[in-house]
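Working through the structure, step by step
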Amino acid sequence: MEISYSDYRSEWFSLTSQVSGFYGYLERTAQDEHSIAEIIETEDERSVGYLWTTFCKDEGSGFCFVEIQEIYIEEEFRRHGAATRLYEYVELKARRSGAQVIRAGTGLCNRASVQMHERLGFAPYRCEFEKMLTKQINQ
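Below you will find a few notes about this structure. It should be emphasised that the depicted structure is a prediction, and the values quoted were computed from it without experimental measurement. (Residues numbered from 1 in each chain as written. Predicted model: local features only at pLDDT ≥ 70, side-chain atom pairs only at ≥ 80, totals over all residues. Heavy atoms only, no water.)

Topic: the pattern of salt bridges
Summed over the entire model, instances satisfying the criterion amount to 5 salt bridges. Here glutamate 76 ties to arginine 46 by a salt bridge, and the two come within 2.7 Å at their closest N and O atoms. A residue pair is termed long-range when its members are at least 10 positions apart, and glutamate 76 in the loop between β3 (64-73) and α3 (82-97) and arginine 46 in the loop between β1 (36-41) and β2 (47-57) qualify at 30 residues. On the basis of relative accessibility, which here comes to 38%, the residue arginine 46 falls in the partly exposed class. With its nearest N and O atoms 2.8 Å apart, the salt bridge here joins glutamate 91 to arginine 95. Here the residue glutamate 91 and the residue arginine 95 both occupy positions in helix α3, the gap between them amounting to 4 residues, near one helical turn. The partly exposed category is assigned to glutamate 91, whose relative accessible area is 31%. Here the salt bridges do not stand alone but share partners, grouping Asp44, Arg46 and Glu76 into one network. (Salt bridge = Lys/Arg side-chain N within 4 Å of Asp/Glu carboxyl O. Helix = DSSP H or I, 4+ residues; strand = E, 2+ residues; numbered from the N terminus. Buried < 20%, exposed > 50% of the residue type's maximum accessible area, 1.4 Å probe, protein only.)

Here it is in structure tokens:
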């Protein structure tokens, strides 16, 4: 079955095809005391967003980094500093856990997120590419 590129992207970004793998990885990483998996709420229990980070350590070199896997802020709380405060929280926990680097990703088209990362001192370290092919070659 072939699907269009736009349908593929919609499926990819909806995460419906990745749910079991996502939950499995989340469950495994949540067992690490340095990882963060939290839902953020107001005092009256309104959802502000959520945060998930993983702690990675290369046993050979000892290099440690924290990777922000997911961060989400509800629309009504955006542009009020909530994401910045979460990033500051991640940085504090990362430093305390001995991490040397924090990694985070965003889409190139998400200018607000790119600008926030740059404002917080993040710099690009990797770039990924994709090329649309108009026709598939049958093998």
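Next comes the rest of the account.
Topic: the packing of aromatic side chains
Each aromatic ring pair is described using two quantities: the centre-to-centre distance and the angle formed by the ring planes. Tallying each qualifying case throughout the model produces 3 aromatic pairs. Aromatic side chains tyrosine 50 and tyrosine 72 sit 5.6 Å apart centroid to centroid with 25° between the ring planes, which places their arrangement in the stacked category. Taken together, the residues tyrosine 50 in strand β2 and tyrosine 72 in strand β3 connect sequence positions 22 residues apart. Both rings, one in phenylalanine 63 and one in phenylalanine 65, keep their centres 6.1 Å apart while their planes meet at 35°; by these two values the pair is tilted. Under the relative-accessibility criterion, phenylalanine 63 is labelled partly exposed at 30%. Against the face of phenylalanine 65 rests arginine 103, its NZ or CZ located 4.3 Å from the ring centre. (Phe/Tyr/Trp six-rings, centres within 6.5 Å; stacked < 30°, edge-to-face > 60°. Lys NZ or Arg CZ within 6 Å of the ring centre and 35° of its normal.)

So, the pairing of β3
Examined bridge by bridge, β2 and β3 share 9 bridges and lie antiparallel to one another. Each bridged residue has a counterpart across the sheet, and for tyrosine 50 the counterpart in β3 is tyrosine 72. Between β2 and β3, which pair antiparallel and follow one another directly, the connecting turn spans 6 residues, one of which, glycine 62, has a positive phi of 85°. In this structure, β3 lies alongside strand β4 (residues 101-104), joined through 4 bridges in parallel fashion. Paired with glutamate 67 across the two strands is arginine 103, which belongs to β4. For the segment spanning β3, α3 and β4, crossover handedness is right-handed. (Pairing = 2+ DSSP bridges. Right-handed = clockwise from strand over helix to strand, strands pointing away.)

Points about the sheet that holds β1
Hydrogen bonds along the backbone pair up the strands of a sheet, which may run parallel or antiparallel. In spatial order, the strands read β1-β2-β3-β4; together these 4 strands make up an open sheet with mixed pairing. Each edge of the open sheet carries a strand with a single partner, namely β1 and β4. Pairs of neighbouring strands in the sheet enclose a mean axial angle of 20°, with direction left out of account. Relative to β3, α3 is tilted by about 160°, and along the sheet it contacts β1, β2, β3 and β4. (Axes fitted to C-alpha atoms, helices over the stretch in contact; angles between N-to-C directions. Contact = heavy atoms within 4.5 Å.)

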